[in-house]
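# Inside the fold
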Amino acid sequence: MTDLDVAVIGGGIAGLAAAHELTRAGREVRVFEAADHVGGRMATRRVSGFVVDSGAEQISTHGYPHTWELLRRLGLDTVPKIGRQLGVWRGGRVRRGLAHPLGLVTGAGLSVRARADFLRASRANGVDTERPEASPLGTATVAEFAAPCHRDVLEYLCQPVVSGFFGWQPERSAAAPFLGLLGAIGPSTAWRAYDGGMDVLARALAARLDVTTSFPVREVVTGQGSARVSGDGTEFRARSVVLAVPAPVARQVHVNAPAYERPFLDACTFTPMVKVHVMLDHRPESPVYVIAVPRSESPSVSVVLFDHLKHPDRAPDGRGLVTVIASPAMAPALLDLPDDEVVRVLADEAGRFVPGLRTGVTGSVVHRFRHGLPEATPRALALRGEFESRIGGVVDYAGDWVTLIPYSEAAVRSGRRAAARVLALNPSYTGTRRQLR
Ligand SMILES: Cc1cc2nc3c(=O)[nH]c(=O)nc-3n(C[C@H](O)[C@H](O)[C@H](O)COP(=O)(O)OP(=O)(O)OC[C@H]3O[C@@H](n4cnc5c(N)ncnc54)[C@H](O)[C@@H]3O)c2cc1C
């Protein structure tokens, strides 16, 4: 006897995608989300007319097939191109052309030799984003991948990109997921940001689903043909559970996870991410919308992003919104500091890269992600294939970490895959549902 057909734990984009597929297939699904809003790491806050993307910043025309399929289904597939370049900070100024075809000509801060080395090294290493562990790179780290190249490849390309966008240390994380992602999403000319905030898809999915927010699940216990779920003073049984939470949370919550799942869950660590969004009474101009800052240029800041250049609706007319992302070396220390301290550390330093950032500040918002992005360590990568081939059962999993590729498409894809496995295991449900809170 169960109370619920499918319980999806986690209202991020992976859980919502899973719940959407299951609901479409006629299943009784309920999403339980710990926060008071959906979206997880793809959420948006609206503050004093500013639209603040707390996690994900953009998607691409390329490399997001599952996301685009959902967007088309929901009539949301008109996503404007950003149409601005990215740059790298080197020697006191921005070098344009990072991830842009122009960068091959201008160099984006790299010498001709470094550019040629990078092209040669990455061409030789085709990575399948569905199976990054199967690439010829094996479990080599980003630093090991770059080692045979001119040293600028590590210091002014790979390190700023993996640290700035994934919070990774190149010495700790594997190259294959990074190169697979770069290859899949294509140049920055194809990158896009939703009108109205990056939570558009999450909100549209949630509006069509049964979602309970402010419900942190404490424990999931697999039993015979169902699982017991408890949290918030309530306990119920579900015939299937999709745990769409970061791997360390899944490991903690799923108290009797099978022995064959535990090694990967334990190895699947996350890097923390800390961001400060600074609201301004003016619009700083910049030749690029993102400045990636190498660790050799700043100990504390890894990215400065001009949100009002990413999409004009992110700030009211004439006003500016600038996001500063902490370096991986600094982020752990900022996780537990008060907001004003975090703002002081990051915005003061970012003033070196954005003239005018320290004046005309009208407000700020701090976002901290203890589980920012899956770290994709060599050990996790080595264990990934076996984990994915064995999941499926009363308790299933979804999230970007399942493929170790740190982008929202991996989360959407994993959610849809989890839904397909649930449907294959239990093709129908005829039970009646108990009234849960
Ligand atoms: C700073 C940052 C920038 C990024 N930039 C980009 C980008 O530009 N483009 C891109 O494609 N991707 C980007 N990403 C990655 C992208 O945001 C993630 O890959 C994606 O959002 C992950 O979705 P998810 O559903 O797997 O996990 P999450 O979004 O983390 O969802 C998990 C959900 O589970 C909830 N939860 C946790 N514990 C419990 C519990 N016990 N009970 C109930 N609910 C619980 C959480 O509150 C959360 O809502 C970025 C991520 C970060 C952090």
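Residues numbered from 1 in each chain as written. Predicted model: local features only at pLDDT ≥ 70, side-chain atom pairs only at ≥ 80, totals over all residues. Heavy atoms only, no water.

## Quick word on the site of the ligand
Test applied: Working definition: residue near molecule or strand if any one of its non-hydrogen atoms lies within 4 Å of it. Polar contacts, as used here, are pairs of N or O atoms within 3.5 Å; protein pairs need one atom able to donate a hydrogen and one able to accept it. Residues neighboring in sequence count only if both atoms are side-chain atoms. Shrake-Rupley sampling with a 1.4 Å probe provides the accessible areas, and residues are treated as covered by the protein chains on show and by no other component. A run of DSSP states H or I qualifies as a helix once it reaches four residues; a run of E qualifies as a strand once it reaches two. Both are numbered from the N-terminal end.
In the region of the ligand, 34 residues are neighbours, and Glu33, Arg41, Gln58, Tyr64 and Asp400 sit closest. Residue Ser408 places a side-chain N or O atom 2.8 Å away from an oxygen atom belonging to the ligand. Here the ligand loses 90% of its free accessible area of 1,000 Å² to cover by the protein chains. Per-element tally for the shell around the ligand: the top contributor is strand β17 (residues 361–374), with three residues.

## So, the sheet that holds strand β6 (residues 86–90)
Sheet strands pair by backbone hydrogen bonding; their relative direction is either parallel or antiparallel. For clarity, the cut-off: Strand pairing is defined by DSSP finding a minimum of two bridges between the two strands. Axes, fitted as lines to C-alpha atoms, cover a helix only where it is in contact. Angles between the N-to-C directions of the axes lie from 0 to 180 degrees. It only takes one pair of heavy atoms within 4.5 Å for two residues to be counted as in contact.
The strand order across the open sheet built from seven strands is β7-β6-β14-β15-β16-β13-β17, with neighbouring strands paired in mixed fashion. The open sheet has two edge strands, β7 (93–98) and β17, and neither has a second partner. Geometrically, the sheet is characterised by an average inter-axis angle of 25 degrees between neighbouring strands, direction not taken into account. Here β6 pairs with strand β14 (residues 290–292) via three bridges, running parallel. Within the sheet, the bridge partner assigned to Leu86 lies in β14 and is Val290. Packing against the sheet, helix α6 (residues 151–166) makes contact with β6, β7, β13 (270–280), β14, β15 (301–306), β16 (320–326) and β17, and its axis sits at approximately 120 degrees to β6.

## Details of the UniProt feature "binding site: FAD" (unreviewed entry) in the chain
What counts is decided by this rule: UniProt positions are given in the numbering used here, feature names are shortened, and annotations may be inferred rather than shown by experiment. Burial here depends on accessible area, computed with a 1.4 Å probe over protein chains only, as a share of the maximum for the residue type. Under 20% is buried, over 50% is exposed, and the range in between is partly exposed.
If you check UniProt for "binding site: FAD" (unreviewed entry), the listed places come out as Glu33, Ala34 and Val217 in our numbering. Across 185 residues, the annotated set stays spatially compact, with a maximum C-alpha separation of 7.9 Å. Topologically, Glu33 is positioned in the loop between β2 (29–32) and β3 (44–47). For Glu33, a relative accessible area of 9% gives the class buried. The residue Ala34 is located in the loop between β2 and β3 in this model. By relative accessible area, Ala34 is classed as partly exposed at 47%.

## Side note on the domain arrangement of the chain
The following threshold applies: The source of the domain bounds is an automatic or database domain assignment. Accessible surface is computed with a 1.4 Å probe, and the buried area is the amount of it that two parts give up when combined, taken over both parts together. Every case where a carboxyl oxygen of Asp or Glu lies within 4 Å of a side-chain nitrogen of Lys or Arg is listed as a salt bridge. Under the grouping applied here, Gly and all other residues not named as nonpolar or charged are polar, the nonpolar ones being Ala, Val, Leu, Ile, Met, Phe, Trp, Tyr, Cys and Pro and the charged ones Asp, Glu, Lys and Arg.
When the domains of the chain are assigned, the result is domain 1 (4–41 + 199–269 + 376–425) and domain 2 (48–56 + 81–195 + 270–374). Look at where the C-alpha atoms of domain 1 and domain 2 centre, and you get two points 28 Å apart. Each partner contributes to the interface: domain 1 provides 27 residues, whereas domain 2 provides 28 residues. Counting the surface domain 1 buries against domain 2, the share from its top three residues, Arg41, Leu381 and Pro406, is 29%. The tally of links from domain 1 across to domain 2 stands at three salt bridges. A salt bridge links Glu130 to Arg413; the shortest N-O distance between them is 3.9 Å. Run the count over domain 1 and domain 2 and you get eight residue pairs in polar contact (both at pLDDT 80 or more). When contributions to the side of domain 1 that touches domain 2 are tallied by element, the ones reaching two or more residues are α8 (200–207), α9 (247–253), α14 (378–390) and α15 (408–425). When its residues are assigned to classes, the side of domain 1 that touches domain 2 shows 16 nonpolar, five polar and six charged.

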